Each structure stands twice: as structure tokens, then as C-alpha cells.
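# Tertiary structure, described
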Amino acid sequence: MSVRSDKAQDERSDGMNKVQTTGGISLSPELFEQLYLAPKQNVHGHLRERFGNPTPIAIGGLMLCTTSLAMVLLEWQGAGGFAGAANVACYIYVGGLLLLLGGIGEWIIGNTFPAVLFIIHGGFWTAFGYTIIPSIGAYGAYSTTGVAADGLKEPQFFATFAFSLVAMAIVSTFFTIAGLRTNVVLFVSLALLVPTFAVIASSFFAISHGQLERARNLQHAGGGLLFAVSCTGWYVFLSMLLASVDFPIALPVGDLSTVIVGKSSRLASKGEV
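Residues numbered from 1 in each chain as written. Predicted model: local features only at pLDDT ≥ 70, side-chain atom pairs only at ≥ 80, totals over all residues. Heavy atoms only, no water.

### A few points about the overall build of the protein
What the protein contains, in helices and strands, is 10 helices and two strands. Start at the N end of the protein and walk to the C end: the helices and strands fall as α-β-β-α-α-α-α-α-α-α-α-α. In the protein, 67% of the contacts between residues at least 6 apart in sequence involve partners at least 24 apart. For the protein, the exposed area adds up to about 14300 Å²; of that, 65% sits on carbon and sulfur atoms. (Helix = DSSP H or I, 4+ residues; strand = E, 2+ residues; numbered from the N terminus. Contact = heavy atoms within 4.5 Å. Areas by Shrake-Rupley, 256 points an atom, 1.4 Å probe, with all protein chains shown as cover.)

### Examining helix α5 (residues 88-108)
In this model α5 runs 29 Å from its N-terminal to its C-terminal C-alpha over 21 residues, within 8% of the 30 Å that 1.5 Å per residue would give. Among the residues making up α5, those that are buried are V88, C90, Y91, I92, G95, G96, L99, G102, G103, G105 and E106. Immediately downstream of α5, the backbone of G110 shows phi near 90°, a positive value. (Expected span 1.5 Å × (residues − 1). Buried < 20%, exposed > 50% of the residue type's maximum accessible area, 1.4 Å probe, protein only.)

### Considerations on the packing of aromatic side chains
Within the structure shown, the criterion is met by 15 aromatic pairs. Considering the side-chain rings of Y91 and F128, the 5.2 Å spacing of their centres and the 50° angle between planes classify their relative orientation as tilted. Linking Y91 in helix α5 with F128 in helix α6 (residues 112-131), this pair joins segments that are 37 residues apart in sequence. An identical accessibility class is assigned to Y91 and F128; each is buried. One aromatic cluster is present, formed by Y91, F124, W125, F128, F157, F158, F161, F197 and F204 through successive ring pairs. (Phe/Tyr/Trp six-rings, centres within 6.5 Å; stacked < 30°, edge-to-face > 60°.)

### A word on helix α9 (residues 212-244)
For α9, with 33 residues, the first-to-last C-alpha span of 47 Å sits near the 48 Å given by 1.5 Å per residue. Just downstream of α9, D246 is the residue with a positive phi angle, here 55°.

### Some remarks on the packing of helix α4 (residues 55-73) against α6
One way to put it is that α4 packs onto α6 with a least axis distance of 11 Å and a crossing angle of 40°. Compared by their axis directions, α4 and α6 come out oblique. The handedness of the crossing between α4 and α6 comes out as left-handed. Contacts between α4 and α6 involve T55, A58, I59, L62, C65, T66 and L69 on the former and, on the latter, F118, W125 and F128. Classifying every residue of the contact of α4 with α6 by side-chain character gives eight nonpolar, two polar and no charged. (Axes fitted to C-alpha atoms, helices over the stretch in contact; angles between N-to-C directions. Parallel < 35°, antiparallel > 145°, perpendicular 65-115°, else oblique. Left-handed = near helix turned anticlockwise from the far one by under 90°. Nonpolar A, V, L, I, M, F, W, Y, C, P; charged D, E, K, R; others polar.)

### As for the side chain of S189
Relative to the assigned elements, S189 resides in helix α8 (residues 184-208). Those residues in contact with S189 that lie beyond four places of it in its chain are V229, T232 and G233.

### Some details on the UniProt feature "transmembrane region" (unreviewed entry) in the protein
The positions UniProt marks with the feature "transmembrane region" (unreviewed entry) are residues 57-76, 88-109, 115-136, 157-178, 184-208 and 220-243. Between the end C-alpha atoms of residues 115-136 the distance is 29 Å, and the span holds 77% helix and 0% strand. (UniProt positions renumbered as here; feature names shortened; annotations may be inferred.)

### Notes on the pattern of salt bridges
Counted according to the given criterion, the structure contains one salt bridge. Where R216 meets E75, a salt bridge forms, and the shortest distance between an N and an O atom there is 2.9 Å. Separated by 141 residues along the polypeptide, R216 in helix α9 and E75 in the loop between α4 and α5 bring together distant segments of the chain. (Salt bridge = Lys/Arg side-chain N within 4 Å of Asp/Glu carboxyl O.)

### Points about the nonpolar core
Taken as a class, soluble globular proteins show a tendency for nonpolar side chains to be buried jointly. Residues W125 and L165 are the most contacted members of the largest nonpolar core, which totals 49 residues. Secondary-structure elements contributing two or more residues to this core are α4, α5, α6, α7 (155-178), α8 and α9. The biggest single contributor to this core is α8, with 11 residues. When neighbours within four sequence positions are excluded, W125 is seen to be in contact with L62, C65, T66, L69, Y91, G95, G96 and L99. (Core = buried A, V, L, I, M, F, W, Y, C linked by side-chain atoms within 4.5 Å.)

What follows is the structure, encoded as C-alpha cells:
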């Protein structure tokens, strides 16, 4: 009985360290984290075996938005205009939609952290896109002339809109803390988002106070930070794509899920669970 019990215990422990993909490949904790951007946890059911990985969908949508907006904020090749309004469809239907779909997919298969991360960012990009559509009238409501073609005449709009960016800086701080258990590259991306949102918010506040030159400098700084975010994001995206097809070359992301041991693992090692 003792031998059988020990064998059963070993099998259960081994099962905790393996997750079967739809292709039947057992994933190590490091590879699982690289593919799903979350530490591997036991989840009831077999949805991960039946569904594909939604993570690259969300990351791809996010990168398509951040990269284009970063270049607009930097005013490359003469780009500009209020928040790059020419790309509004991309913000809503590429960034927002793909992030929401990816987040729902993560939620279905039990990956809470990326689900929350993607859905919140998807909501932000969707709201951001709709805000800059003239027919919605978000900044037109602040116009004293009835025409909001030149948003610089509506300082109250910019001061008000900036607080949504401040809120995103706050939630990005929380994501950064949680990201300490993901990987180095994702952690850097999340950490960079904090000053990115803060600097762009500062640019909007500067506009609201009529400090246009300072606002432009801050805009360029925010664009540079956002471009750095997009570079790290593209790296994560490529690493996930290569891992998803079992490519012979793997891009290291610096797994942190096994470096910073989780609470449940600590308790298990002490025999408390």
C-alpha cells in the first residue's frame, strides 16, 4: 500500500508540472509562461487542450496600436493631429477588439492575470478610439464656439481626458507588480507603461494650461517611451509565435515564475497544503 501511495503521489506531482496543448505537447512551467504570460496553475477541466492559445492575438493587436500611436506622437514623417485620429479604426477594431477577444479567451481557459490585463487594455483602446471620433462629440462638448476642429481652444477637455491616462498609469503600476512573476521582457513592458501614461497625461495637462511647447516636448517623450514598449512587445510576440510552432530557435524572455516562488508553492514545500 505504501509503494502504491507513493507512486500515486508522484504521478499527481508530475501532473501538476505538465500541461497538454492541443498538439499533445507537455509544457514546462517556463514554456507555459512564455506562451500564456502567466505562471502555470492547476485549472479544472481540459479547455487548454481543446482551445488554441489566445495570448498572441491580444499581444499582436496591442502592438499594432502602440507602434502606430508612438510614431504619431513622435511626429515621424509629418504625422500628427489629435491623438492620431486617422488611426481611430485601428485603435477600436484592431487594438480594442483583439485585446477583448484575447482577454475573453484567457478567461475561458482560466488564465486570470492575462485576462484582466488584456480586457482592461482592450477597454481603454476602444474608449480612446471612440473619444477622438468627432461625431461622438466628446471634445466638441467643451467647445465654446460650437466647433472643436482646433482642440487647443478647449483646455478643459484636455485636463479632463488626462485623468483617464493617470488612471491607466495607476493600474499599470499594479500590473507591473504582478508582472514580477511572469518574465523579464513583459515586466519591462509593463514597467515602461507607467511613465508612458504619466508623461502623456502631463502633456495633456500642459496643453490645458496653454504651455504648448512644453506639451510638445512631453508628447515626444511619451512617444519615445511608447515606442520602447512596442519594441519589447514585438519581441514577446515573436517569441510566442516561435514557441507555438515548436521552432528550433527559442527567444529567451527571462522567466520569472520559477525565480519568484508563488505563495501556494511555498506552502506546499512546507507541507501546509
